[in-house]
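Analysis of the macromolecular model
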Amino acid sequence: MSGRVLITGATGFVGSHLIDYLLQMGDIVIFGTKRRRSDMANVQHNKNKISWIDMDITDSYSVYSALKFSEPDKIFHLAAQSFVPMSWNAPQEVFTTNAIGTVNLLESVRQLDLDPKIQIAGSSEEYGLVKSDEVPIIEDNLLRPLSPYGVSKVAQDLFAQQYYKSYGMKIIITRAFNHTGPRRGEVFVCSDFSKQIAEIEAGQREPIIHVGNLNAQRDFSDVRDIVRAYWLSLQKCKLGEVYNICSEKSRTIRSVLDLLLSMSKVNIQVRQDPKKMRPSDVEMLQGDCSKFKKQTGWEPEIPFEQTLEDLLNFWRERV
Ligand code: A2R
Ligand code: GDD
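Residues numbered from 1 in each chain as written. Chains lettered and ligands numbered in written order. Predicted model: local features only at pLDDT ≥ 70, side-chain atom pairs only at ≥ 80, totals over all residues. Heavy atoms only, no water.

This brings us to the overall build of the protein. Counting secondary structure elements, the protein contains 10 helices and 13 strands. For the protein, the C-alpha radius of gyration of 19 Å lies close to 20 Å, the compact-globule estimate for 319 residues. Dimensions of the protein, computed from the C-alpha atoms along their principal axes, are close to 60 × 45 × 40 Å. Across the 319 residues of the protein, 55% fall into the buried class. Taking the intrachain contacts of the protein between residues at least 6 apart in sequence as the baseline, contacts between residues at least 24 apart amount to 80%. Surface accessibility of the protein: about 14,100 Å² in total, with carbon and sulfur atoms responsible for 47%. The protein carries 39 positive and 40 negative side-chain charges, and their two centres are separated by 2 Å. (Helix = DSSP H or I, 4+ residues; strand = E, 2+ residues; numbered from the N terminus. Rg over C-alpha atoms; globule rule 2.2 N^0.38 Å. Buried < 20%, exposed > 50% of the residue type's maximum accessible area, 1.4 Å probe, protein only. Contact = heavy atoms within 4.5 Å. Areas by Shrake-Rupley, 256 points an atom, 1.4 Å probe, with all protein chains shown as cover. Lys, Arg positive; Asp, Glu negative; His and termini not counted. Charge placed at Lys NZ, Arg CZ, Asp CG, Glu CD.)

Before going further, it helps to spend a moment on the pattern of salt bridges. Tallied over the full model, the rule gives 24 salt bridges. As a salt-bridge pair, Lys74 and Asp73 come within 3.4 Å of each other at their nearest N and O atoms. Residue Lys74 is classed as buried on the basis of its relative accessible area of 13%. Residue classification places Asp73 among the partly exposed residues on the basis of a relative accessible area of 33%. Between Glu125 and Arg218 there is a salt bridge whose closest N-O contact spans 3.8 Å. In this pair, Glu125 is assigned in the loop between strand S5 (117-123) and helix H5 (148-167) and Arg218 in strand S9 (residues 217-218), connecting sequence segments 93 residues apart. The same class applies to Glu125 and to Arg218, which are both buried. Through salt bridges with shared partners, a single network forms among Glu125, Arg218, Arg278 and Asp281. (Salt bridge = Lys/Arg side-chain N within 4 Å of Asp/Glu carboxyl O.)

Turning to the environment of Val223, a few remarks are in order. Residue position: Val223 is located in helix H7 (residues 223-236). Between the C-alpha atom of Val223 and that of Asp20, which follows or precedes it by 203 residues, the distance is 11 Å. Setting aside chain neighbours within four positions, we find Val223 in contact with Phe13, Val14, His17, His179, Thr180 and Gly181.

Put into structure tokens, the structure is as follows:
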């Protein structure tokens, strides 16, 4: 297996696991983008095993330079502002990073006359408001985003489809549903809860866990299954197509909390924090990824209980 792979957003949660996965395969030259002030904790163990390029996706010149330097035959476009609540505080920044950043990437590929396969990391947040008769959600469902983040991802998705149609660029759009696991940013729900539990166990905070909307339902996968799916998407998926990637199971956030609490011996009270409620939350996400499974043969392998246990242990080692 040889080739030159460029990962944008390589220092992030998914990027760090994708690097782990690609390094196991051997003969691949990996380029990862970072920003000058990026936190390198997620990739510390692999820091010297790949080539790093400083790039800000909002700066078209730096994107062009990164492409020119790396000349990839595969691109995984992961760089984004990924935390949904931030998008109400900084909608313009989130849109610029996620949507205009994608235009910068695709334009640079075009202007340099490169011909890589490009995976665009879309999101189940694009579906937003989903009606009960639309579950499980297929790729053709209407997109009714409920956050500026969701809007930015719809714009990214549509730009990618347009670049495929206009220029025949080798683009595949994945819409992953929620995914978690070790190294997940501490603001995301499973990490947020796990970190609080680990801090309580270590006696660093009172035995009260602060939570937001526990009624929301999400379709969770393990990040290690997701990066395997991303790799497969560039091997086997049809160009210009959109693919859901998910577990096809939905759980309430309350049940996720209960599962995590059951993994701890400490008695913990639950308290809702109004600051953690969103102006409009996506209430129900459950995907249908039969299109992706049929095309690639992918199946998720890691049970959710294992994912949560690994995440909780990740935080226990760190607090
Ligand atoms: O914030 P940093 O410096 O650690 O870098 C993050 C990077 N990133 C950017 N890179 C270049 N220019 C920017 N303006 C910029 N803003 C953010 O994107 C980090 O390396 C990565 C995001 O990592 P996470 O927040 O951990 O997200 P995750 O879960 O890895 O999401 C990957 C993709 C995203 O497109 C999400 O929207 C989608 O999956 O769900
Ligand atoms: N973060 C957080 N903290 N969320 C909470 C909490 C809490 O204490 N309590 C309840 N929630 C609820 C949120 O309101 C939301 O309904 C759900 O838990 C999941 O929140 P997040 O983990 O922040 O993820 P997300 O679904 O908003 O977005 C993630 O998944 C998308 C894929 O669908 C992000 O990774 C996005 O970047 C990604 O595109």
